[in-house]
Amino acid sequence: MTFKVIIVGGGPVGLYMAHAFERANIDYVILEQQDTVLNISGQLLFTWPQTVRLFDQIGLLADLENVALGIHHKKRLFGDNGQVTTTSNFWDAMQDNHGYPFLPLLRSELVKILYNHLKGRESNIRVNSRVTDIRPHATGVHVHLADGSLIQGSIVVGADGVHSRTRQIMDSLVAQHALNPARLANKPMVSTFYGIFGRASNVDLGVEPEVFFESRGGGGEGGAVVQCLATKDIVQFVTLKPLPGGPTSERSPRYSDEEMDAYAASLADVAVCPGVKFGDVWAKVQRKSTRMLNQEEGFLDNWFFDRIVLVGDAVHKSTSVNGLGMTCGLHSGAVLANELHSLLSRQYEKKEEEEPSTEELEGAFKRYQEDRKTEVKPIWNGGHAMIREVVKKGWVSWFWDRFVLPWCDMETFAKGLLVSVLLIRQGQILRFVPFEGRGGRVPWARKVVV
């Protein structure tokens with residue numbers, strides 16, 4: 001039996017799944033449409049403790065800790081005047097609860113570490129590989145590339161992000177084969193907010209290092225949120241505000257420098273922390289690592305069809321405001337890897353020469369989908385509500401932030417115990433990789449049974 005997984009997309013989720021497949025002794029190939037999986041993205045990814053635990057299981061913890069930004073406190077403030085409304089040590093409390101820290105990581109650094117530790121990085125990653133079509137058949141799949149190449153495998157895993165070409169092809173196949181295509185059709189991702197991911201010099205700004213600032217409700221009539229985290233040398237920031245034309249399902253345009261400058265000017269007077277306005281930050285911005293884009297939202301109904309299955313932002317996408325996008329994607333990847341490993345292990349135990357049938361694979365995909373929908377949908381709902389709350393202006397939002405939130409904040413109640421119990425301790429784990437890992441005051445719900 002020569003089962004082979006074709007992973008479309010060489011981002012963090014695709015690379016993590018490749019690590020999982022190497023440990024499961026499952027053959028794979030990654031198809032990346034860019035000329036490299038490495039990039040200079042300035043986007044900061046919040047790596048939650050349950051996800052740090054996943055990385056520890058595959059041997060990456062030390063390297064990630066070496067490149068992570070320090071973070072200890074969180075401060076919320078009014079964007080209009082810079083008044084701090086809440087202060088907490090949420091991040092440190094979570095490390096006490098679980099044994100693992102929050103690790104704010106540059107996407108470029110995370111991808112580099114995932115890539116450098118992958119055994120098959122030279123042989124199992126194919127760049128400049130844009131998928132044009134996928135043709136499932138009774139015993140496998142044929143993946144057609146723009147250069148005319150044909151890649152053959154057993155299944156396709158679409159880890160190619162919010163604009164997933166894999167999803168587009170899968171939805172087209174569903175429409176061709178379904179008796180009622182309208183009932184099974186996935187709704188498109190929709191952008192309601194847009195903003196800038198970027199980096200600026202902190203040498204002269206003086207943004208307090210290792211403090212996560214969240215500036216809420218500033219920026220004119222529509223409101224905006226600005227989040228930032230600094231070292232003594234740099235400030236990483238992200239902004240979000242409502243799209244002026246309202247929600248759209250159109251793909252995010254490539255915004256020009258002039259459009260970015262106009263957007264930044266609309267937030268120039270917003271306080272990002274006490275004593276520093278966004279206009280001050282923008283004056284020190286590093287253009288090469290700064291990008292403006294629409295942030296899509298969507299939670300799809302159908303995550304698989306035939307021998308095609310989707311993970312990560314291809315099926316559940318939130319704005320960056322709650323910092324849980326990558327965490328949800330990686331844990332979905334772990335569940336899918338567990339299901340495939342279990343299915344193939346049963347085949348080996350039966351000493352069957354044939355690969356799993358399409359029906360058996362769809363059974364594994366269905367279990368994966370049901371498991372992750374149950375866990376991800378509440379997180380997605382929370383993120384959907386959160387972005388609409390933090391950009392809002394008006395006396396109700398002011399009253400909530402000023403008088404209510406300081407006394408009923410889930411992140412500070414009992415040292416974050418609710419967040420620990422309801423979210424972090426529920427993190428997934430690769431069931432087939434021996435691992436003990438770290439622990440804290442709150443025990444993990446899932447452990448490896450050796």
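Fair warning: this is a prediction, and the values are worked out from it, not measured in the lab.

J.: So what about the confidence of the model for the protein? Which residues, and what values?
T.: Low-confidence regions, as indicated by low pLDDT, have predicted coordinates that should not be scrutinised in detail. Averaged over every residue, the pLDDT of the protein is 91; the share at 70 or more is 92%. Across residues 398-405, where pLDDT falls below 50, the model places 16 contacts with residues more than four positions away in sequence or in other chains.

J.: Describe the side chain of Lys241, and please don't skip the residues or the numbers.
T.: Mapped onto the elements, Lys241 comes out in strand 15 (residues 234-242). In terms of polar contacts, Lys241 uses its side chain to reach the side chain of Ser266, at 2.6 Å. Apart from the residues lying within four places of it in its own chain, the contact partners of Lys241 are Thr192, Phe193, Tyr194, Gly223, Ala224, Tyr263, Ser266 and Leu267.

J.: Account for the pairing of strand 11 (residues 155-158), naming residues and giving values.
T.: Burial along strand 11 is two-sided: the face carrying Ile155 and Val157 and the face carrying Val156 and Gly158 are both buried. Of the pairings in the sheet, the one linking strand 1 (residues 4-8) to strand 11 comprises four bridges and is parallel in character. Residue pairing for strand 11: Val8 is matched across the bridge by Gly158. Bridging between strand 11 and strand 20 (residues 308-310) involves three bridges; their strand directions are parallel. Its bridge partner lying in strand 20, Val156 is registered against Ile308.

J.: Account for the UniProt feature "domain: FAD-binding" (unreviewed entry) in the protein, with residues named and values stated.
T.: UniProt records the feature "domain: FAD-binding" (unreviewed entry) at residues 4-170 and 280-345, using the numbering of this structure. A helix fraction of 36% and a strand fraction of 24% characterise residues 280-345, whose end C-alpha atoms lie 57 Å from each other.

J.: Pulling in residues and values, what's your account of the sheet that holds strand 18 (residues 291-299)?
T.: Taken in spatial order, the eight strands make up an open sheet running 5-4-13-14-15-12-18-21, and their pairing is mixed. The strands lining the two open edges of the sheet, one partner per strand, are strand 5 (84-88) and strand 21 (316-317). Note: strand 4 (residues 73-78) against strand 5, four bridges, orientation antiparallel. Bridge assignment links Lys74 to a residue of strand 5, and that residue is Ser88.

J.: Please provide a residue-by-residue account of the pairing of strand 9 (residues 140-145), values included.
T.: Direction of pairing for strand 8 (residues 131-137) relative to strand 9: antiparallel, over a ladder of six bridges. Bridge pairing in strand 9 places Pro136 opposite Val141. With antiparallel pairing between neighbouring strands as the criterion, strand 8 and strand 9 make up a hairpin whose turn holds two residues. Bridge analysis of strand 9 against strand 10 (residues 150-153) gives four bridges, and the strand direction is antiparallel. Each bridged residue has a counterpart across the sheet, and for His144 the counterpart in strand 10 is Leu150.

J.: Which residues make up empty space enclosed by the protein, and what values go with them?
T.: Enumeration over the complete set of coordinates arrives at one cavity of 30 Å³ or more. Quantified by volume, the largest cavity comes out at close to 70 Å³. As for the largest cavity, its lining consists of Asp313, His316, Lys317, Ser318, Asn322, Leu324, Gly325, Cys328, Val376, Ile379 and Trp380. Looking at the lining of the largest cavity, the elements that each hand over two or more residues are strand 21, helix 10 (325-349) and helix 11 (358-390). For the lining of the largest cavity, the element with the most residues is helix 11, which contributes three residues. Along the lines of polarity and charge, the residues of the lining of the largest cavity split into five nonpolar, four polar and two charged.

Conventions used here
Per chain, the residues get numbers from 1 upward, laid out in the order the sequence is written. Owing to the predicted nature of the model, reporting of local features is limited to residues with pLDDT of at least 70; listing and counting of side-chain atom pairs is limited to 80 or more, with chain, interface and lining totals taken over all residues. Note that the side-chain values use all heavy atoms of the structure and ignore hydrogens as well as water. For every residue, the predictor reports its confidence as pLDDT, a number between 0 and 100. Here, residues are in contact when the closest pair of their heavy atoms is within 4.5 Å. Secondary structure elements follow DSSP: runs of H or I no shorter than four residues count as helices, runs of E no shorter than two count as strands, and numbering proceeds from the N terminus. The definition of a polar contact used here is a pair of N or O atoms within 3.5 Å, where within protein one atom must be able to donate a hydrogen and the other to accept one, and adjacent residues in sequence count solely through side-chain atom pairs. Think of it in three bands: with a 1.4 Å probe and only protein chains considered, a residue is buried below 20% of the maximum accessible area for its type, exposed above 50%, and partly exposed in between. The pairing criterion is simple: DSSP has to find at least two bridges between the two strands. UniProt positions are given in the numbering used here, feature names are shortened, and annotations may be inferred rather than shown by experiment. For cavity detection a 1 Å grid was placed over the protein atoms alone, and a set of points counts as a cavity when a 1.4 Å probe fits there but cannot get out; an open set counts as a pocket when protein lies on both sides within 12 Å along at least five of seven lines, with lining residues being those that have an atom within 4 Å of a point. Grid points are joined across faces, edges and corners, and a volume is the space filled by probe spheres set on the points. We call Asp, Glu, Lys and Arg charged. Ala, Val, Leu, Ile, Met, Phe, Trp, Tyr, Cys and Pro are nonpolar, and the rest, Gly among them, are polar.

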